[in-house]
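Results of the structural survey
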Amino acid sequence: MTIAIAAVVAVAFSILSPSLRAEPSASINDTARFIAGLPPSPGSPLTAYTNDGYWKQYARGFDEAWNNLEKRQLSKISAMVSRDFHTRQSVLFYFFSGPDFLYADAFFPSADTYVMAGLEPPGDIPDLRKFSRGEIATSLRALRSSLSSVLSYSFFRTKSMRVDFSRAKLNGTLPVLMTFLARSGKTIYDVSLFDLQSDGTLHPAEDKIANPTGKGVKIIFGDANVGRKRTLYYFSTDLSDGGIKTSGFLKFCDGLGHGDSFLKSASYLMHSDNFSTVRDYLLSHSVSLLQDDSGIPIRFFAQGWQLKPYGRYVGPISLFGGKYQAKLNEVFGKGRATPIDFSLGYRWRPRESNILLAIRDPSATAFEAAPAAGMKKSDLDSGDALGSQANADVPQRPKYRRHKEQTVNKDFQLFGYLP
């Protein structure tokens with residue numbers, strides 16, 4: 001009798017109380033694909049949502065934006081990397097990154113460990129099965145909005161991003177990281193939140209250690225159909241001198257040894273002595289350092305670095321007008337710079353972007369530049385090379401075309417970047 005009653009109760013529970021049954025959770029990889037506008041794996045509990053009109057429209061819009069980005073930026077960066085970058089390290093340090101795995105992967109596709117850092121919090125690990133359909137639709141719209149600037153201009157709008165991340169149900173940097181991983185063809189195996197301690201150790205967030213000095217997320221991922229697993233660390237931590245000396249962040253990085261470094265749209269913060277500690281750390285721990293002019297000032301590469309300039313240096317946008325570097329203009333002059341056909345950083349218009357690859361070389365003399373691709377070293381002293389012609393119209397103190405920059409500079413004033 002008891003068994004019969006129990007069976008009846010079980011059937012009644014399954015029929016009459018479906019809201020009380022535990023919903024199956026989607027895998028973290030399927031969640032990443034879904035929020036990236038890509039179909040989850042067959043049998044995923046998220047598959048049912050892909051039939052909704054809002055998701056189909058979201059996916060179509062994301063496909064279009066990503067295809068445009070691939071043609072305009074990513075394929076061209078990939079060609080440059082394949083041609084010119086041959087001695088990559090297993091570790092990439094990308095400080096002041098925010099959640100920009102997109103360009104970390106584009107320029108450093110073979111790294112085993114990515115260390116990224118910014119002020120924005122990692123947020124929660126998303127579980128979309130706890131969202132209503134309306135909440136999912138609203139969250140996807142908010143996520144797509146937060147990505148609009150990086151997809152269009154290659155950088156995040158910092159202040160706007162913080163507002164977006166704090167208000168959204170898909171909050172923090174983690175959903176953005178997951179989206180970029182999925183769109184870049186990666187498979188996510190595991191995601192875990194952690195707290196940072198001042199001795200550089202990481203502790204699971206659920207341990208709730210006392211007085212953490214930073215928070216972050218660790219993502220284990222791999223390339224499709226490739227067995228090698230790779231690691232991405234994102235730290236939410238203060239990189240200024242006042243915060244970094246006691247946070248334990250650099251102690252954690254010490255355990256990884258030397259690596260490559262990447263700096264983009266870094267607000268010229270390391271031009272200030274308030275960020276001298278992180279600046280000195282990157283200079284001493286980088287085998288190579290790839291950056292635009294908003295990173296470390298050129299004067300710190302006077303000795304022991306071979307410099308390979310790409311693109312065209314026309315000075316900072318007017319918001320950062322005081323950060324013009326005359327010596328950097330010399331490095332990019334006289335045929336030294338290899339042209340690029342994509343944009344990067346605050347100078348997002350074609351033929352206005354600059355990239356400097358600094359490779360550690362103890363034998364290099366002051367501001368020694370390698371010849372541009374296809375040029376002889378003797379060309380560096382001639383005025384006939386392409387790079388010299390490209391920079392011929394650039395004055396020592398460039399007059400900015402304010403009528404063209406007016407709109408974007410108004411946006412910069414809202415982005416939270418510091419001059």
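So, here's what we can say about the structure. (Residues numbered from 1 in each chain as written. Predicted model: local features only at pLDDT ≥ 70, side-chain atom pairs only at ≥ 80, totals over all residues. Heavy atoms only, no water.)

So, on to the pairing of strand E6 (residues 229-236). Consecutive side chains of a regular strand alternate in pointing toward one face of the sheet and then the other. Where burial is concerned, most of E6 is hidden: seven out of the eight residues are buried. Pairing geometry for strand E2 (residues 113-118) and E6, over six bridges, is parallel. Counterpart to Gly118 in the pairing with E6 is Ser236. Pairing between strand E5 (residues 214-223) and E6: eight bridges, direction antiparallel. Considered in E6, the bridge of Gly222 is made with Lys229. (Buried < 20%, exposed > 50% of the residue type's maximum accessible area, 1.4 Å probe, protein only. Helix = DSSP H or I, 4+ residues; strand = E, 2+ residues; numbered from the N terminus. Pairing = 2+ DSSP bridges.)

The next point concerns the pattern of salt bridges. Under the counting rule described, the total for this entry stands at 14 salt bridges. When the shortest N-O distance is used, the salt bridge between Asp260 and Arg88 registers 4.0 Å. Taken together, the positions of Asp260 in strand E7 (residues 259-263) and Arg88 in the loop between helix H3 (53-84) and strand E1 (91-95) put the pair 172 residues apart, joining distant regions of the chain. With a closest N to O distance of 3.0 Å, Glu330 and Lys327 form a salt bridge. Taken together, the residues Glu330 and Lys327, both in helix H12 (residues 326-331) and three residues apart, mark about one turn of the helix. Classification of Lys327 by relative accessible area gives partly exposed; the value is 32%. Residues participating in the shared-partner salt-bridge network are Asp105, Lys186, Asp223 and Arg230. (Salt bridge = Lys/Arg side-chain N within 4 Å of Asp/Glu carboxyl O.)

Our next topic: the packing of helix H2 (residues 28-35) against helix H8 (residues 174-183). The interhelical angle for the contact between H2 and H8, taken along N-to-C directions, is 85 degrees, at an axis separation of 8 Å. Put simply, H2 runs roughly perpendicular to H8. Of H8, the residues touching H2 (which contributes Ile28, Thr31, Ala32, Arg33 and Ile35) are Pro175, Met178, Thr179 and Ala182. Residue classes in the contact of H2 with H8 are distributed as six nonpolar, two polar and one charged. (Axes fitted to C-alpha atoms, helices over the stretch in contact; angles between N-to-C directions. Parallel < 35°, antiparallel > 145°, perpendicular 65-115°, else oblique. Contact = heavy atoms within 4.5 Å. Nonpolar A, V, L, I, M, F, W, Y, C, P; charged D, E, K, R; others polar.)

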